[in-house]
Amino acid sequence: MIQHVTNKRTDKRLTKKDIARITHASGLNFFHTNAMYDPWPFGIYYLIDCFYVKRINSNSYQFQEIWGSTVSARTPNDMGRAASVTTRTLAQVQAMCPDLVCDKDGDERLIVEAIYRNRNFNKSKLGFFLLEPKNNTKGTDGNNALFLYKLVIVPKPGLFPVTE
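Residues numbered from 1 in each chain as written. Predicted model: local features only at pLDDT ≥ 70, side-chain atom pairs only at ≥ 80, totals over all residues. Heavy atoms only, no water.

### Here's the deal with the layout of surface pockets
Part 1 of the argument: As a volume, the largest pocket reaches approximately 220 Å³.
Part 2 of the argument: Around the largest pocket, the lining residues are M1, I2, Q3, I22, S26, Y46, I48, V112, A114, Y149, L151 and I153.
Part 3 of the argument: If you list the elements that add at least two residues to the lining of the largest pocket, you get α1 (16–26), β1 (44–57), β5 (108–118) and β8 (147–153).
Part 4 of the argument: In terms of residue count, β8 provides more of the lining of the largest pocket than any other element does, three residues in total. (1 Å grid on protein atoms, 1.4 Å probe; cavity = no way out; pocket = protein on both sides within 12 Å on 5 of 7 lines; lining within 4 Å. Points joined across faces, edges and corners; volume = space filled by probe spheres on them. Helix = DSSP H or I, 4+ residues; strand = E, 2+ residues; numbered from the N terminus.)

### Some thoughts on the side chain of T15
Part 1 of the argument: Following the sequence through the fold, T15 ends up in the segment before α1.
Part 2 of the argument: Looking at T15, the relative accessible area reads 18%, which means it is buried. (Buried < 20%, exposed > 50% of the residue type's maximum accessible area, 1.4 Å probe, protein only.)

### With respect to the state of the cysteines
Here a disulfide denotes a covalent bond joining the sulfur atom of one cysteine to the sulfur atom of another.
Part 1 of the argument: The full count for this structure, using the stated rule, is zero disulfides.
Part 2 of the argument: For the unlinked cysteine C50, the closest cysteine sulfur is that of C97, found at 13 Å.
Part 3 of the argument: Of the cysteine sulfurs around C102, a residue in no disulfide, the closest is that of C97, at 11 Å.
Part 4 of the argument: For C102, a relative accessible area of 3% puts it in the buried group. (Disulfide = S-S within 2.5 Å.)

### Side note on the nonpolar core
Part 1 of the argument: Counting residues in hydrophobic clusters, the biggest one holds 21 residues, and the most contacted among them are I2, L14, C50, I66, L110, F160 and V162.
Part 2 of the argument: Broken down by secondary-structure element, the contributors of at least two residues to this core are α1, β1 and β5.
Part 3 of the argument: When residues in this core are grouped by element, the largest group, five residues, is from β1.
Part 4 of the argument: Counting residues in hydrophobic clusters, the runner-up holds nine residues, among them V53, V93, C102 and I111. (Core = buried A, V, L, I, M, F, W, Y, C linked by side-chain atoms within 4.5 Å.)

### A word on the pattern of salt bridges
Part 1 of the argument: Tallied over the entire structure, the rule returns five salt bridges.
Part 2 of the argument: Close ionic contact of D18 with R9 constitutes a salt bridge, the shortest N to O distance being 2.7 Å.
Part 3 of the argument: Judged by its relative accessible area of 31%, R9 falls in the partly exposed class.
Part 4 of the argument: For D18, the salt bridge goes to R21, with nearest N and O atoms at 3.6 Å. Of this pair, D18 and R21 are both found in helix α1, three residues apart, which corresponds to roughly one turn of the helix. (Salt bridge = Lys/Arg side-chain N within 4 Å of Asp/Glu carboxyl O.)

Listed below in structure tokens is the structure:
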């Protein structure tokens, strides 16, 4: 969805609203209402966490964190968030995730993490009578997750950094 949501637009850059829609559409939503938000009936909340880098030179990277989450929103339109673009050193990028290190100037990388986190989770609410998800998987942000899927991609040119 990240790679294709702006295909029919002239301005290909993603917006916070795009991130909100992508997050809402990509989550496991058992409800046809806003019940996937607070108070989280299944005891879990969903988020997409993205970390974008673009290599400026051998020791300088443009960096942006982008996220959408049901924990900080009440409706799908409230989910999209993007931090301001900052500059990071090669050492800072390597410490975050070695997969973000780019080979040449102008190269871009993006980590996309789909995460379910614990909010008074009870395994029987989702039918996990035999399986007990552990709350010890760490995301790139360092926080624990019940379920986490991580993908590192080279985004299509022009999608990032995310705008208003």
